[in-house]
Amino acid sequence: MAVRRLAEQQPEGFVFDPQNLARAQREIAKYPPGRQQSAIIGLLWEAQNQNGGWLSEPAIRYVAEMLDMAYIRALEVATFYTMFNLHPVGTVAHIQVCGTTPCMLRGSEALMDICRHRIHHDQDHPSADGKFSWIEVECAGTCVNAPMVQIGSQVFEDLTPETFNRLIDDLDAGRPVTPGPQVARQLSEPEGGPTTLTDPSLYPGEPAPARKGTGRAKKKD
Amino acid sequence: MTLLKVNGTVVDVPPEYTLLQACEAAGAEVPRFCYHERLSIAGNCRMCLVELKGSPKPVASCAWAVRDCRPGPNGEPPEVNTRTKPVKKAREGVMEFLLINHPLDCPICDQGGECDLQDQAMAYGIDHNRYAENKRAVEDKYIGPLVKTSMNRCIHCTRCVRFSAEVAGVPELGATGRGEDMEITTYLESAMSSELQGNVIDLCPVGALTSKPYAFQARPWELIKTETIDAMDAVGSNIRVDTRGREVMRILPRLNEAVNEEWISDKTRFVWDGLRTQRLDRPYLRGDSGRLEPASWGAAFGAIANAVGGRAGARIGAIAGDLATTEEMFALKELMASLGSGNIDCRQDGATLDPALGRASYVFNPTLAGIDVADAILIIGSNPRHEASVLNARIRKRWRRAELQIGLVGVPVDLTYRYEHIGAGPDSLAQLAAGDHSFAQVLKAAKRPVVIVGQGALARADGPAILALAAQIAQDGERDAGWNGLAILHTAAARVGGLDVGFVPAAGAMSASDMVREAGAGTLDVLFLLGADEIDATALGDAFVVYIGSHGDAGAQRANVILPGAAYTEKSGTLVNTEGRVQRLKRAAFPPGDAREDWAIVRALSDVLGNRLPFDSFGELRARMVAAHPHLGVEDGVMPEGPEALGALASVTARLGKARFENPIRDFYFTNPIARASAVMAECSALAAGRMAEAAE
């Protein structure tokens, strides 16, 4: 974490496009009259998405005016949450590298070195071609599959310098990428197959059916 | 009431008290930084930790209500300890954390010597530091010409943020970032626009926000502190004037719950540099060349005696300014009477208030504290935010506490609270009085309404008619016993005192505007101005003008003779505030050069003019004044006037005009000669003008 300041270069203005405006109004309508300021995070998020992944100063002002609140209150929110990027981000990917303990122990520093070399020495700065930017974030919650990075709403887990480099190459070239573990395992199951409960005698009847999706296995009578 | 055991003593406190308040009620001292009686509870400094029996951890006493404490197993009162070892350890720990990032620059910090952190570190801290890491560095912010920031020192109590949002009503300060990177700033470092912003300097428990004009000027322990009264507006804020040698170094508020609570406006606080500039420090005489030339007191008096000698009283007049004390006006009135003149007036702006109608017709009858219990407020022809900023903060406080209907007839401006704009002029007021407006029902149903009438509605030809309508509205309805809701809001500190001593024209004599007109027409030969600068001094024709005052402003520029007087910090005297509260000015410094206290000038002048006034000391003058007006002898007293007085006021019939109400104060920072001489006020005024221009675009 570092001091978060607004970007020096700011666009002229900001207005929601009709689609986002409708969304914003739906968001505001969730709250009782007089409490519309509660919609601030949702609106800033829409503004950030519309603005190419970062929040500009006119956008903060625009949202504050829309919610009838002081500019400084909106700025407080925008600077508080790291989900709001205050500087332009890469057009292809804004890579959030987790640097919290489990990821760090499993080699996130190597991933950040790659970012430093391939994207920009400093966080929050787009690469020379403007396609990538990176930032170190706190725990993103997939510690079992450490180290990981988050790009947009997708997480890429079990990374090694090789797979991470390949991921950046693929993104750069516009090739499709698969989110999730980048090694041969499903979700957070043990690498190389199950290591416990392998003794069939533990299951007196039929073995439990292979789990599909998130639905619970039916209980047998 | 709830029983609570604090340090072994059982106290009985209201259940809504916080533990901190309960501890204070029990006489136990609890250190704090973020907690402030007049602000919402933040609970983020953790300095007020106390031990609560049954709680596994120390609790923040500022954020823990007495009613939330659990009684003992047999119903014993909950036990709180503020002096035990765990509490001491907790405080030491909090203090150590606070000091991790606090710079050790007390020797060069303006807060040094009056710093909460310094004091509490001495009282509750430990003697060493276990941290060798670098301290955090924060960029200083520009937040205006009045408040200097040293953001390294900030401990993030957020008192300033809460003050600007809650009390001042101008939410401009905020805390950006989070955790270690939290910073207090305004949006994009714009200047604060509140006229109460100086109070954040007092609120700041460390040296992060200090006074910019006072920066590096003095140390608190080398200042002489004088408790006196402010003269910038008619609220009569209680202030402390700090002087070093002859000079006023700063002005701070004093606590007075009935008047200013603990706030003062920026004009009150920062006007002191105006006390040093443009001063009249010796008598001046307009010579044959037409230029003002320094003269001796004798020569100046001689010239006046020459001009006055033998003139008919009707051709002599006197106008008192907005900063004059009651004693001076009383003395000048006696002097004018001895010259046979009834041409005296203290209403420079032409306000049509007549003391003959009784005191209820010109004071803030519900009293300032009455705003706290008001259940409806009507503002007529006034912008209280500029005319009485502290009073406006009180209205806002009342409005925030619970739903309060506020109506405004006049210029719609941002008052920091919601109000219903009823209309712009007397027509709307007449409608309201006739009950033809929805707000009339609100006022009628109210038990304790406050009808604030500003000078913008009174300083006009139809003033009496408007006052009558206001009195009618204040009267019309079922009120609480003894409630008189008619509230005249004055802008001049001297005004109520002047009306109290009857510094108004005698029957058939000239008012201030008459005197200006007659002087221009050549039928008034001699005009005494007692610090009167708000009249059109250029329209005085060939009249012989004697200016008694402290600053070289409009009046002095036109004067034929200037007699240098004392500013409000340099003299003793009485000021009566808008609610009729009698308060005493105390001399904090001496007037510069040959200048003298104004009452002494009037007394000396009377000798020269052949009718020596019958007092030789200030004490005798005051005794004489109190003998003539006994209520002026009751210090800090308000003489409430009951609602009976309203009937006569409401029955006055006069013609109502058509013109819209105008607010009397065009520039908040430039309302009197002292403020006009102040460079700080000039800077604030320019900034405010810039904001106005921007808003107009």
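Only a predicted model underlies this, so the values are computations on that prediction, with no experimental measurement involved.

1. Remarks on the overall build of chain A
Turning to step 1, where the next piece is worked out: If you tally the helices and strands in chain A, you get seven helices and five strands.
Turning to step 2, where the next piece is worked out: Beginning at the N terminus, the succession of helices and strands in chain A can be written as α-α-α-α-β-α-α-β-β-β-α-β.
Turning to step 3, where the next piece is worked out: Computed over C-alpha atoms, the radius of gyration of chain A comes to 22 Å, more than 25% over the 17 Å expected from 2.2 N^0.38 for 221 residues, which places it beyond the range of a compact globule.
Turning to step 4, where the next piece is worked out: Dimensions of chain A, computed from the C-alpha atoms along their principal axes, are close to 70 × 50 × 30 Å.
Turning to step 5, where the next piece is worked out: When burial is assessed residue by residue, chain A has 39% of its 221 residues classed as buried.
Turning to step 6, where the next piece is worked out: Put simply, of all contacts in chain A between residues at least 6 apart along the chain, 63% involve residues at least 24 apart.
Turning to step 7, where the next piece is worked out: For chain A, the exposed surface amounts to about 13,100 Å²; the carbon and sulfur share of it is 53%.

2. Some thoughts on the packing of aromatic side chains
Turning to step 1, where the next piece is worked out: This model, assessed by the stated rule, comprises 13 aromatic pairs over all chains.
Turning to step 2, where the next piece is worked out: Ring centres of Trp599(B) and Phe615(B) lie 6.3 Å apart, and the angle between their planes is 50°; this geometry places the pair in the tilted category. Of this pair, Trp599(B) sits in helix α18 (residues 598-608) while Phe615(B) sits in the loop between α18 and α19 (618-628), and the two are 16 residues apart along the sequence.
Turning to step 3, where the next piece is worked out: Ring geometry for Phe668(B) against Tyr669(B): centres 4.9 Å apart, planes inclined by 75°, an arrangement best described as edge-to-face. For the residue pair Phe668(B) and Tyr669(B), the accessibility class agrees, reading buried in each case.
Turning to step 4, where the next piece is worked out: The structure contains a cluster of three or more aromatic residues connected by ring pairs, namely Trp45(A), Phe80(A), Tyr81(A) and Phe84(A).
Turning to step 5, where the next piece is worked out: A cation sits over an aromatic face here: Arg178(B) above Phe80(A), 4.2 Å from the ring centre.
Turning to step 6, where the next piece is worked out: Positioned over the ring face of Phe668(B) is Lys267(B), at 4.6 Å from the centre of the ring.

3. With respect to the side chain of Ser133(A)
Turning to step 1, where the next piece is worked out: Note on placement: Ser133(A) falls in strand β2 (residues 132-137).
Turning to step 2, where the next piece is worked out: For Ser133(A), the side chain forms a polar contact with the main-chain nitrogen of Gly90(A), separated by 2.9 Å.

4. Comments concerning the pattern of salt bridges
Residues and elements named next belong to chain B.
Turning to step 1, where the next piece is worked out: Here the structure, examined in full by the defined rule, presents 58 salt bridges over all chains.
Turning to step 2, where the next piece is worked out: Across the salt bridge formed by Arg 460 and Asp 462, the nearest N and O atoms sit 2.7 Å from each other. No difference in accessibility class separates Arg 460 from Asp 462, as the two residues are buried.
Turning to step 3, where the next piece is worked out: Sharing partners across several salt bridges, the network here consists of Arg 38, Glu 257, Glu 261, Glu 262, Asp 372, Arg 394 and Lys 397.

5. Digging into unusual backbone geometry
Glycine aside, negative phi is the norm for most residues, and most peptide bonds take the trans geometry.
Turning to step 1, where the next piece is worked out: At the junction of Ala146(A) and Pro147(A), the peptide bond is cis and its omega measures out at -5° in the coordinates.
Turning to step 2, where the next piece is worked out: For Pro147(A), the location among the structural elements is in the loop between β2 and β3 (149-151).
Turning to step 3, where the next piece is worked out: Positive phi, normally seen in glycine, also occurs at Arg46(B), with a value near 65°.
Turning to step 4, where the next piece is worked out: Structurally, Arg46(B) is set in the loop between α1 (19-25) and β3 (49-52).

What counts and how
Residues numbered from 1 in each chain as written. Chains lettered and ligands numbered in written order. Predicted model: local features only at pLDDT ≥ 70, side-chain atom pairs only at ≥ 80, totals over all residues. Heavy atoms only, no water. Helix = DSSP H or I, 4+ residues; strand = E, 2+ residues; numbered from the N terminus. Rg over C-alpha atoms; globule rule 2.2 N^0.38 Å. Buried < 20%, exposed > 50% of the residue type's maximum accessible area, 1.4 Å probe, protein only. Contact = heavy atoms within 4.5 Å. Areas by Shrake-Rupley, 256 points an atom, 1.4 Å probe, with all protein chains shown as cover. Phe/Tyr/Trp six-rings, centres within 6.5 Å; stacked < 30°, edge-to-face > 60°. Lys NZ or Arg CZ within 6 Å of the ring centre and 35° of its normal. Polar contact = N/O pair within 3.5 Å; in protein donor to acceptor, adjacent residues only side chain to side chain. Salt bridge = Lys/Arg side-chain N within 4 Å of Asp/Glu carboxyl O.

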